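So the chains spell out like this:
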Amino acid sequence: MQQYSSLPDQNSQIDATPKLLTTIQQLRAKLWLESSLNQLQSRLNDCLLSACNTVPQAGAAEAEILQTVVNEINSAVNSSNLALTDCAVGIALFQPQETVATVCYVSCSLSPNSQPLFIELLTAEKKLLLKLQEVIKLEDLQQLENQQTPSAWRLADDSGIVIGWLIIATAPLNSDPESLIKSQLQLRSQLMARSAKQCSTALVQLRQILSWQQRYQQLSNSNQELERTNQLKNQFLANTSHEIRTPLSSIIGFTHLLLAQGYEPTKERQQEYLNIIQSSGKHLLALINDILDLSKIEANQLEVQWETIDVPMLCSNVFALVKEKAANKGLKLCLELEPNITTLVADPLRLKQMLLNLLFNALKFTSKGSVGLQVVPKGVFVHFTVWDTGTGISQEDQAQLFEPYFQIAKAVAGGGEGTGLGLAVTRKLAQIHGGSVKVESEVNCGSRFTLVLPLKQEVGVGGGGGVREAGGAGGAGEAGEVKYFSSPLPFTASSSVDILLVENDLPNADMMQIYLRKLGYQVTWVKNAGEMWEALTQLDPVVILMDVYLADENGLNLVRQLRENRQYQTIPIIAQTAMAMKGDRETCLAAGVDDYISKPIDLPLLASLIAKYRLPPATGE
């Protein structure tokens, strides 16, 4: 009879059944574990994608991730036969250097009315509740983590620093077979451990996303600011080009007329043309001064000189400078001074500059009615209020009014003068004085600009004091004060007084020679270092006028060389230069000059300086 030895006997079939069942259970458990983890990762990815798209607050995005973790784990555990008992999941957050963690998240299955669940702490005779705001000691969390069947898993950031703990709490175990309970607890522990890693990774990724978003926002803001600055720069260049070309057109045009062959204007016409040329030149100088002032202030290089100012006299002087422009527009000027306002500690040049800026602006935007200045004390401050009955300023324009280069659109469209720097300079000068500027205005109802300054100045306020530059680049120094050819000559000197003029530029040299010779000086002009040394062998000048920039040498180096020579140590030297920034005067004085005058040369001021230094030193009281 044929025998089938390959068929299993009855006993072997019975033995194979449990193995097959065990394998199926293991596969199901593994599928459940991977499916649960994939579901959790999918939800975390949704949270991260939402953070990428919505730019949330960091705390809100992190809270969403942590709450998602506890809810998904709780749902996975309770939807399978792993829920041997009632269980819930929570997260306790931990701060470095602290000794406790606080439960901040629990699964949604824990409603306010549900019975609290306990965390299994097998080696201690105490119960730990899993509920919101429950405080758990660090030592207890570490014990929960190190148990044979853990109940807590640490959450760490990308540098390994613990930020919290993922916790599971359960009710007492039921009567299921011990082997089944053990396998299920192991599977649940795997789920919790891997979920903790996924949570930590998601938090690290979230922080990277938020960091990138913050950097992107910073770059976006920076780009917007650069674009705005570029627009302002272009607008400024366009306005400045217009401002420069207009007076240059007058200067070149009227000079051409005076030089034209066959054209012989009357003396009155010549005087008129020269006045226009001078006025246009002063306008160009004022423009340069505004730009220099703003750049000096922003570089913290503006010098101020504190003096006790006669307020009524200064206000009267300021009004004298704007009176003609007001009269030309048919406007009434009003000056209101409180009787008890007499003196103020400030830089008189800069105070005049601020008031003139405000008054000229008021006149610019007022076509009929009045412009006024009101001065009143308020505590330890004095308020200079410039008001007008002009067109007024919209709220939108007021927000940008003190920004550099900003101009009101209707002023630009109407061909109004200015570069948009005056108010910016005024506010910064006020701040240097420890004060401020504020504006009140309504469209078609006029404006009120109030300059608030302290009555007294503390030592060191406003960026330092120092000696003011002679004829320096300060914007108010030239504002309306005519000190050029039309001014009366200050004195008449003896023709025997020799002056050595060291000047690289021929037009400037001609101008100074003509002016000083009209005053009676004997002027010898040289244009470089070699000619200067040669002239000194034949000349004993009472004053040397030294240009700083020469073709073959630096003028300051020549001054040092002169001071090292006994023969020339006592000759007064006045430096003349286009340098006009902070420290330029000090640099000149350190080289050995006696005084300093900046270009364009204020001729009467130059004559006064020469008169000062040509006199012999006093021998007694």
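All values reported here derive from a predicted model rather than from experimental measurement. (Residues numbered from 1 in each chain as written. Predicted model: local features only at pLDDT ≥ 70, side-chain atom pairs only at ≥ 80, totals over all residues. Heavy atoms only, no water.)

1. Observations concerning helix α12 (residues 529-536)
For an α-helix the count is 3.6 residues per turn, leaving residues at separations of three or four pointing the same way. Those residues of α12 not exposed but buried are Ala529, Met532, Ala535 and Leu536. The arc that holds the buried residues of α12, viewed along the axis, is 125 degrees, so those residues lie on one side. On its buried face, α12 sits against β15 (498-502), β16 (522-526), β17 (543-547) and α13 (555-564). Measuring from the backbone nitrogen of Gly530 back to the side-chain oxygen at the start of α12 gives 3.2 Å, which picks out Asn528 as the cap. (Buried < 20%, exposed > 50% of the residue type's maximum accessible area, 1.4 Å probe, protein only. Helix = DSSP H or I, 4+ residues; strand = E, 2+ residues; numbered from the N terminus. Arc of directions from axis to C-beta. Contact = heavy atoms within 4.5 Å. Polar contact = N/O pair within 3.5 Å; in protein donor to acceptor, adjacent residues only side chain to side chain.)

2. Considerations on the sheet that holds strand β18 (residues 573-577)
Taken together, 5 strands build an open sheet; the order of strands is β16-β15-β17-β18-β19 and the sheet is parallel. The open sheet terminates on both sides in strands that have one partner only, identified here as β16 and β19 (595-598). Sheet twist, expressed as the mean angle between neighbouring strand axes with direction ignored, is 20 degrees. Relative to β16, β15 runs parallel, the two being bridged by 5 bridges. In the sheet register, Leu500 faces β16, and the bridge partner there is Thr524. Packed onto the sheet, helix α11 (residues 506-518) meets β15, β16, β17 and β18 and runs at close to 170 degrees relative to β16. (Pairing = 2+ DSSP bridges. Axes fitted to C-alpha atoms, helices over the stretch in contact; angles between N-to-C directions.)

3. Things to note about the sheet that holds strand β13 (residues 436-441)
In a beta sheet, neighbouring strands are held together by backbone hydrogen bonds and run either parallel or antiparallel to one another. Strand order in the open sheet made by the 5 strands is β9-β11-β12-β14-β13, with mixed pairing throughout. Strands at the two margins of the open sheet, each flanked by one partner only, are β9 (332-337) and β13. Averaged over all adjacent pairs, the angle separating strand axes in this sheet is 15 degrees, with direction ignored. In this sheet, strand β14 (residues 447-454) lies alongside strand β12 (residues 381-388) in antiparallel orientation, the contact comprising 8 bridges. Residue pairing in the sheet places Phe381 in a bridge with Pro454 of β14. Running over the sheet, helix α10 (residues 422-432) touches β13 and β14 and is turned about 130 degrees from β13.

4. Considering the side chain of Thr450
Within the secondary structure, Thr450 is located in strand β14. Among the polar contacts made by the side chain of Thr450, one reaches the side chain of Thr385 at a distance of 3.1 Å. Leave out the neighbours within four places in its chain, and Thr450 touches His383, Phe384, Thr385, Ser436, Val437 and Lys438.

5. Some thoughts on the pairing of β15
Most of β15 sits out of view: 4 of its 5 residues are buried. A crossover links β15 with its parallel partner β16, the connecting element being α11, and its sense is right-handed. Where β15 meets β17, 4 bridges bridge the pair, whose relative direction is parallel. Within β17, the position partnered with Val502 by the bridge is Met546. (Right-handed = clockwise from strand over helix to strand, strands pointing away.)

6. Quick notes on the confidence of the model for the protein chain
Predicted coordinates in areas of low pLDDT are best not read in detail. In this model, the protein chain carries a mean pLDDT of 79, and residues with pLDDT of at least 70 account for 79%. Taken element by element, the predicted model of the protein chain shows its lowest mean pLDDT in helix α9 (residues 409-413) (50) and its highest in β12 (95). pLDDT under 50 marks residues 1-8. Its contacts with residues more than four places away, or in other chains, come to 1 contact. Every residue in residues 459-495 is under pLDDT 50, and counting partners more than four places away or in other chains gives 102 contacts. (pLDDT = per-residue confidence, 0-100.)

7. What about the packing of helix α6 (residues 311-328) against helix α7 (residues 348-364)?
Where α6 meets α7, the closest approach of the two axes is 10 Å, and the angle between their N-to-C directions is 30 degrees. If you check the angle between α6 and α7, you find them roughly parallel. For the pair α6 and α7, the sense of crossing is right-handed. Here α6 contributes Leu314, Val318, Phe319, Leu321, Val322, Lys325 and Ala326 to the contact with α7, which in turn contributes Pro348, Leu351, Lys352, Leu355, Leu356, Leu359, Phe360 and Leu363. For the contact of α6 with α7, the per-class residue count stands at 13 nonpolar, no polar and 2 charged. (Parallel < 35°, antiparallel > 145°, perpendicular 65-115°, else oblique. Left-handed = near helix turned anticlockwise from the far one by under 90°. Nonpolar A, V, L, I, M, F, W, Y, C, P; charged D, E, K, R; others polar.)

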